[in-house]
Amino acid sequence: MKSPNRIFFLFTAGLWSAILPTDAQVNVTQEHNNLSRDGLYIDAAFTPDAAAGLTRDLNFNGTISGNVYAQPLYIEGGTSGPMIIAVTESNNVYALNATTGTVIWQRTDLGLPVTSGLPCGNINPVGITGTPVVDLASRSLFFDALIDGATKKHFIYSLNVDTGATNPNWPVDVNAAATYNGMTFTSLIQEERGGLAFVNGVVYVSYSGYNGDCGTYHGWLVGVDINNPSNVHAWATTAIGGGIWGHGGVASDGTNMFVVTGNTFATNGNWMGGEAIIRLQAGPIFTGQPTDYWAPTNWLSLDNSDTDLGGVSATVIDVPGATPSQLVLALGKDSNAYLVNRNNLGGIAAPVAQANVSGTNRGTSAVTYHTSQGTYFAFHNESNTIRAYKVMAANPPTITFAWSMSQTGRGSPWVTTTDGTNNVIVWVAGVAGDQRLHGYDGDTGAVVYAGGGANELMTGTRQWNTGMVARGRIYFGADNRVYAFTLPAGTPTPTATPSPTATTTATATSTPTPTATATATATATAKATATPTPTAAVPPSPTATATATATATATSTPTATATATATSTPTATATPTAAATPAAPKAAAAGNVTANSFTAKWHSVPAATGYRLDVSTSSTFVTYVPGYQDLDVGNTTTRNVTGLTRSTNYYYRVRAYNGNGTSPNSNVIKVKTHAH
């Protein structure tokens, strides 16, 4: 298999990018940054201390038009400088200046989105839903757009990523091009939700039905040869249903494609492609052999209860030291996590590992990451909780609970690390919830970033969406806007934005000393790039090239005088404190004791804004149960502790905290797990 080398290459390439000089290219070309759909971003600027001070860049414009369910992309290497690519349900495509958020080019002429006439669904209008993908070698952007008309049709587009012009011989009419085993693709009953993938010259697009399971839809995967768009191959579930619903769409190990399908209908008890992890070879081609699919033994029961295995898109996971070590993850609506050997999926059989991970999982993407403590995966479920689990390197590997945190919304998480294994932060947005970014320590779940202040509140965030990271910034797409967030030291791309009059009053990116005196040390020779707002609009021809390159630059060297306004670094305003540090809480007897879990309980105390929990097998807490050392459980008085060993004594204690500090420890409670 080529996959181990490819995965290693992806990892080492990302690690190398963290130590390259600042003029090396950084590109985010696809959903969750990598084909594995691991959601991992290596950025040396994202230390926990820096991340705690994340703020929204209020000078970033980011204005677009339409609802957004897709992750933005970040592309460098073009004549217009770093760009953010964003797509909307209004069938609009934008390239924005990555520093200022102003439009470089836009396409608003692709065709009308669908606003009526669909048999069911929960997105309106429906246009471009899935996250696009970019092939850097050809500088091409690929996406799927549903376009209204006498016949509603999905079209797969290819645009020049630097100009927005439609590439020759595109778009591809999926209705006309996609067939499989006598079935023809029908856009009226097929929705495209998942992120596109680009693997070895072929762009892959996955399809499900519309919300409500109406019509005789199938799960489809369509592949288009980018050098010959008339060369189209497809695979579909034999049974009706089996949609590929997850936000991540198509995952890959660099050679094969992996999708997860949902419930099917009218199978008469014969497995026909649903409730499964499917491995497809280039094309896509499905062999039908047990090595290339896995379904749980209770797949028919899942079908009958609409408890899709395919609630979450596939994630490729490597676990060094485990046997097998090359795995693929599925998270089902049945609250289970399944790990399968991706080199031999095994047919209808027991998985390599399985665990109940609490809460329905639907539509989102998971993440996976490595730290010095092991290999993890994490996800945001429909119970308003983000949860992380560790995959233990055993033969076979096992799944154990790591941590969980309450977090409203249903966003797909992503991960930052400074070098690939250190300073891991799991990020998630409270989409359709509190509409804020949140960051958690990858090993413990401790809060790193709590959402910011009034300026950091987003609006119009849509379920299942995810953010991305580039050059010390987080970008997140929402209705009618792309938001940019920056670390306290400022974005590493040192192009300040002058005033619209293009005077030399550049706002130097200065770094004030911690005492915030007037001795601001202005960074020497700050290069100010004047980025005029492009006025060139795209003509209404699909093949038009709308180039509005902002090449005018004005270089000024601000003098290191006291007039350098350090507006880029907000002053550290003191957080209002509570009246006093809270008293120690009183721990209560555990409840719901089982062979591998119990519920820790305690009494609330006045003035507390949250509690921290320790769990140990030692009454003196010389060691801790992994994930339960100083675990921030929020403002609650219970916590379910899982992943434990049967017939074992455990001890727990809690502390209360608020803005003034943390209380002493509570009393210690002993609890013994059951034998069975």
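Residues numbered from 1 in each chain as written. Predicted model: local features only at pLDDT ≥ 70, side-chain atom pairs only at ≥ 80, totals over all residues. Heavy atoms only, no water.

1. Describing the overall build of the protein
Move 1: Looking only at helices and strands, one finds four helices and 46 strands in the protein.
Move 2: Looking at the 676 residues of the protein, the share that counts as buried comes to 57%.
Move 3: Across the protein, contacts joining residues at least 24 apart in sequence account for 61% of those joining residues at least 6 apart.
Move 4: Summed over all atoms, the accessible surface of the protein reaches about 25,100 Å², with 52% contributed by carbon and sulfur. (Helix = DSSP H or I, 4+ residues; strand = E, 2+ residues; numbered from the N terminus. Buried < 20%, exposed > 50% of the residue type's maximum accessible area, 1.4 Å probe, protein only. Contact = heavy atoms within 4.5 Å. Areas by Shrake-Rupley, 256 points an atom, 1.4 Å probe, with all protein chains shown as cover.)

2. Description of unusual backbone geometry
Residues apart from glycine generally show negative phi values, whereas peptide bonds are mostly found in trans.
Move 1: P171 follows W170 through a cis peptide bond whose omega is 5°.
Move 2: With respect to the element layout, P171 can be found in the loop between β9 (153-160) and β10 (172-173).
Move 3: Backbone geometry at W464 places phi at a positive 80°, although glycine is not the residue there.
Move 4: Note on placement: W464 falls in the loop between β35 (447-449) and β36 (468-470).

3. Notes on the state of the cysteines
Disulfide: a covalent bond formed between the sulfur atoms of two cysteine residues.
Move 1: This structure, assessed with the given rule, holds one disulfide.
Move 2: One disulfide in the model links C120 with C214; its S-S distance is 1.9 Å. The sign of the S-S torsion, about -80°, decides the handedness of the disulfide formed by C120 and C214: left-handed. Remark: C214 occurs in the loop between β14 (202-207) and β15 (220-225) and C120 occurs in the loop between β6 (103-107) and β7 (133-135); sequence separation between them is 94 residues. Summarising the burial analysis for this pair, C120 and C214 share the class buried. (Disulfide = S-S within 2.5 Å.)

4. As for the nonpolar core
A general tendency of soluble globular proteins is for nonpolar side chains to be buried together.
Move 1: Within the largest apolar cluster, 55 residues are counted, with the highest numbers of intra-cluster contacts made by Y369, F377 and W403.
Move 2: Counting residues per element, this core draws most heavily on strand β31 (residues 398-406), which supplies five residues.
Move 3: Filtering out sequence-adjacent residues up to four positions away, Y369 remains in contact with L40, G374, T375, Y376, A378, A388, W403, V415, V424, V426 and G442. (Core = buried A, V, L, I, M, F, W, Y, C linked by side-chain atoms within 4.5 Å.)

5. Digging into the environment of Q281
Move 1: Locating Q281 in the fold gives a position in the loop between β21 (277-280) and β22 (293-295).
Move 2: The partly exposed category is assigned to Q281, whose relative accessible area is 35%.
Move 3: Linking Q281 and F258, residues 23 residues apart in sequence, is a C-alpha distance of 9.1 Å.
Move 4: If we ignore the near neighbours within four places in the chain, the residues touching Q281 are N256, M257, T287 and D292.

6. A look at the packing of aromatic side chains
Move 1: Taken as a whole and assessed by the stated rule, the structure comprises 26 aromatic pairs.
Move 2: Here F185 and Y207 contribute two aromatic rings whose centre-to-centre distance is 4.7 Å and whose plane-to-plane angle is 70°, an arrangement assigned as edge-to-face. Of this pair, F185 sits in the loop between β12 (183-184) and β13 (197-199) while Y207 is found in strand β14, placing the two residues 22 residues apart along the sequence.
Move 3: With relative accessibility at 0%, the residue Y207 sits in the buried group.
Move 4: Here the aromatic rings of W294 and Y338 are separated by 5.2 Å at their centres, their planes lie at 50°, and the arrangement is tilted. Of this pair, W294 sits in strand β22 while Y338 sits in strand β25 (residues 336-341), and the two are 44 residues apart along the sequence. Like Y338, W294 is buried. (Phe/Tyr/Trp six-rings, centres within 6.5 Å; stacked < 30°, edge-to-face > 60°.)

7. What about the pattern of salt bridges?
Side chains that differ in sign of charge can pair as their charged atoms come close.
Move 1: For the coordinates displayed, the defined rule picks out 19 salt bridges.
Move 2: We note a salt bridge from R612 to D632, for which the minimum N-O separation is 3.9 Å. Here D632 lies in strand β42 (residues 631-634) and R612 lies in strand β41 (residues 610-616), a separation of 20 residues in the sequence.
Move 3: The exposure class of D632 is buried, given its relative accessible area of 5%.
Move 4: Each of R612, D614, D630, D632, R653 and R655 takes part in salt bridges that share partners, so that together they form one network. (Salt bridge = Lys/Arg side-chain N within 4 Å of Asp/Glu carboxyl O.)

8. Things to note about the confidence of the model for the protein
Move 1: Overall, the predicted model of the protein reaches an average pLDDT of 85, with 83% of residues at or above 70.
Move 2: In the predicted structure, residues 490-579 sits below a pLDDT of 50 and forms 109 contacts with residues beyond four places in sequence or in another chain. (pLDDT = per-residue confidence, 0-100.)

9. As for the sheet that holds strand β19 (residues 257-260)
Move 1: In spatial order, the strands read β18-β19-β21-β22-β26; together these five strands make up an open sheet with mixed pairing. Of all the strands in the sheet, just β18 (251-252) and β26 (347-348) have a single pairing partner and so form its edges.
Move 2: When β18 meets β19, the two strands line up antiparallel, connected through two bridges. Considered in β19, the bridge of A251 is made with F258. (Pairing = 2+ DSSP bridges.)

10. Focus: the environment of T371
Move 1: If you trace the backbone, T371 turns up in strand β28 (residues 367-371).
Move 2: Sequence separation of T371 and G442 is 71 residues, and the distance between their C-alpha atoms is 7.9 Å.
Move 3: A polar contact of 2.7 Å, which involves the side chain of T371, links it to the side chain of D443. (Polar contact = N/O pair within 3.5 Å; in protein donor to acceptor, adjacent residues only side chain to side chain.)

11. A few points about the pairing of strand β44 (residues 649-658)
Move 1: Within β44, nine of the ten residues are buried, which leaves the element mostly enclosed by the surrounding structure.
Move 2: Sheet topology places β41 next to β44; seven bridges connect them, and they run antiparallel. The partner of D614 across the bridge, within β44, is R653.
Move 3: Pairing analysis gives four bridges linking β44 to strand β46 (residues 669-672), with the strands arranged antiparallel. Considered in β46, the bridge of Y650 is made with V671.
Move 4: In this sheet, strand β45 (residues 661-662) lies alongside β44 in antiparallel orientation, the contact comprising two bridges. Directly across from Y657, in β45, lies its bridge partner T662.
Move 5: Connecting β44 to the antiparallel partner β45 that follows it, the hairpin turn spans two residues.

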